[in-house]
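# Secondary and tertiary structure notes
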Amino acid sequence: MCNACLNGNKLKSKTTFTVEYKECIIVIKNVPCLECEICGEVTFTDEVSEKLELLVNTAKKLMQDISVIDYCKAA
Ligand SMILES: [Zn+2]
């Protein structure tokens, strides 16, 4: 059940995760998530959160103005 609206069911979906870091923007596409059918609240599993953190850390090292990463293609 959804923690935000306490009503909706969480459905499997995909989302785009964006982080701003200093002057940089990191965009990660095709991230598997659970999305509430009522309020649209998006949550990630622990496994996905950990991988996102790794991808963000890698992108930070590159320090490009905009990094776009495809979650499904990233190892
Ligand atoms: Zn909800």
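Let us look at the structure shown here. (Residues numbered from 1 in each chain as written. Predicted model: local features only at pLDDT ≥ 70, side-chain atom pairs only at ≥ 80, totals over all residues. Heavy atoms only, no water.)

### Some points on helix 1 (residues 46-62)
The terminal C-alpha atoms of helix 1, which comprises 17 residues, lie 25 Å apart, in line with the 24 Å expected from a rise of 1.5 Å per residue. Residues of helix 1 that are buried include every one of Val48, Leu52, Leu55, Val56 and Ala59, and no others. Down the axis of helix 1, the buried side of the element spans an arc of 105°, and every buried residue falls inside it. Across helix 1 from its buried face, at more than 90 degrees, point the exposed residues Asp46, Glu47, Glu50, Glu53, Leu54 and Lys61. Buried positions along helix 1 lie against strand 1 (10-21), strand 2 (24-36) and strand 4 (66-70). (Helix = DSSP H or I, 4+ residues; strand = E, 2+ residues; numbered from the N terminus. Expected span 1.5 Å × (residues − 1). Buried < 20%, exposed > 50% of the residue type's maximum accessible area, 1.4 Å probe, protein only. Arc of directions from axis to C-beta. Contact = heavy atoms within 4.5 Å.)

### Examining the coordination of the zinc ion
Within the protein, the atoms that donate to the zinc ion are Cys2 (SG), Cys5 (SG), Cys36 (SG) and Cys39 (SG), at distances of 2.2 to 2.3 Å. Because the angles between the 4 donor atoms bound to the zinc ion fall within 106 to 116°, the donor set is best described as tetrahedral. On the primary sequence, the residues serving as donors to the zinc ion are separated as C-x2-C-x30-C-x2-C. Taking the relative accessible area as the measure of exposure, Cys2 reaches 0% and is therefore buried. By relative accessible area, Cys5 is classed as partly exposed at 25%. (Donors = N, O, S within 2.8 Å, 3.2 Å for Na, K, Ca; no water. Tetrahedral: all angles 85-135°; square planar, octahedral: opposite > 155°, others 65-115°.)

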